[in-house]
Amino acid sequence: MPTAPGSTPAPHLNPSPGVLPPLWFVAPEGFFALPVAATPEERTERARTFVRELYSRGDANIWEPAAPYYEAMAEMMGDAGLSYAAMGLFSAADDAANDDAVLTDEPVRHEPSEGVVQCAFTVGIVQTDHAGEDTDVVAQGILATLSGDPYNDAIWLDLPCGPGVSCISVREYRLNPEMTATGEETKLLTGQIQAHVPFPTGPYTAVFTLHTASMEHWASVYRLMSALLQTVSFADPIAALPRRSV
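Throughout what follows, the structure given in this document is the object of discussion. (Residues numbered from 1 in each chain as written. Predicted model: local features only at pLDDT ≥ 70, side-chain atom pairs only at ≥ 80, totals over all residues. Heavy atoms only, no water.)

## What about helix H1 (residues 40-54)?
Helical geometry: 3.6 residues make up each α-helical turn, so side chains three or four residues apart lie on a common side. For H1, with 15 residues, the first-to-last C-alpha span of 20 Å sits near the 21 Å given by 1.5 Å per residue. When H1 is considered as a whole, its buried residues turn out to be Arg43, Ala47, Phe50, Val51 and Leu54. On an axial view of H1, the arc spanned by its buried residues comes to 90 degrees, and they lie on one face. In this structure, the buried residues of H1 make contact with strand S3 (31-33), helix H2 (60-79) and strand S4 (82-91). (Helix = DSSP H or I, 4+ residues; strand = E, 2+ residues; numbered from the N terminus. Expected span 1.5 Å × (residues − 1). Buried < 20%, exposed > 50% of the residue type's maximum accessible area, 1.4 Å probe, protein only. Arc of directions from axis to C-beta. Contact = heavy atoms within 4.5 Å.)

Below, the structure is given as structure tokens:
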């Protein structure tokens, strides 16, 4: 799969070949894909790779106990119907140094003490029972449904792969004292961007969700999601490339 600068291709999203249609997108640099896989053997192997990438400065003392935890987490996500899940970790120093630089650019490595922007990204595929030519109708229905909630900011999307709907929501949560470092009740503000993109082949819709509590960097997180959605494809990008004759 071709990739954008500073980005890496997501693995094939269909853990059960022959059950769900294929889907491709480019995951930006800084995304660490959780080991969602169809079999325990695949999850184990991916978990080992995941912890080594996530804790790149660690060693076996960190990797060995961490791998089973993320393996179990990935199993639960797969059972919940998610096809892909990743943790996004980016340096806050990049954002602070240049407000015009988006998080999809190749990052400079910084120390964690300089600040870290965190987000969680998932992709699910849900059945919407539509024919391929009805993507506009499905997207319009999704837009109407999401717009019915006054706390949602839902907008229409014209993506290279077809129509979609983006929905932004901001929520505030109260954290009990036993869950905070200070031992006092506090409030946590979080933001979520969710994009619904109907498959042009029907009868499914891909749901991309990006969630973050790093609200001071919301603009950069939003640009990251916008850039990612431009790479969504329902056809193999490699097969679409022109071939040269020798």
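## Considerations on the sheet that holds strand S9 (residues 204-212)
Ordered by their spatial adjacency, seven strands build an open sheet running S3-S4-S5-S9-S8-S7-S6, and the pairing between neighbours is antiparallel. The two strands at the open ends of the sheet, each matched to only one other strand, are S3 and strand S6 (152-159). Direction aside, the axes of adjacent strands within the sheet are offset by 20 degrees on average. With respect to the sheet, H1 is in contact with S3 and S4, its orientation differing from that of S3 by roughly 160 degrees. Set on the sheet, helix H5 (residues 218-229) makes contact with S3, S4, strand S5 (116-127), S6, strand S7 (162-175), strand S8 (186-198) and S9; between it and S9 the angle comes to about 160 degrees. (Pairing = 2+ DSSP bridges. Axes fitted to C-alpha atoms, helices over the stretch in contact; angles between N-to-C directions.)

## Focus: the pattern of salt bridges
If you walk through the whole model with that rule in mind, you get three salt bridges. The shortest N-O distance in the salt bridge between Lys187 and Glu172 comes to 4.0 Å. One end of the pair, Lys187, is in strand S8; the other, Glu172, is in strand S7, with 15 residues separating them in the sequence. Relative accessible area serves as the criterion here: at 48%, Lys187 is assigned to the partly exposed category. For the salt bridge of Arg174 with Glu185, the shortest nitrogen-to-oxygen distance reads 3.3 Å. Note that Arg174 is positioned in strand S7 and Glu185 in the loop between S7 and S8, a separation of eleven residues in sequence. The class of Glu185 is partly exposed, set by a relative accessible area of 47%. (Salt bridge = Lys/Arg side-chain N within 4 Å of Asp/Glu carboxyl O.)

Function-wise, these values are silent; they only describe arrangement.
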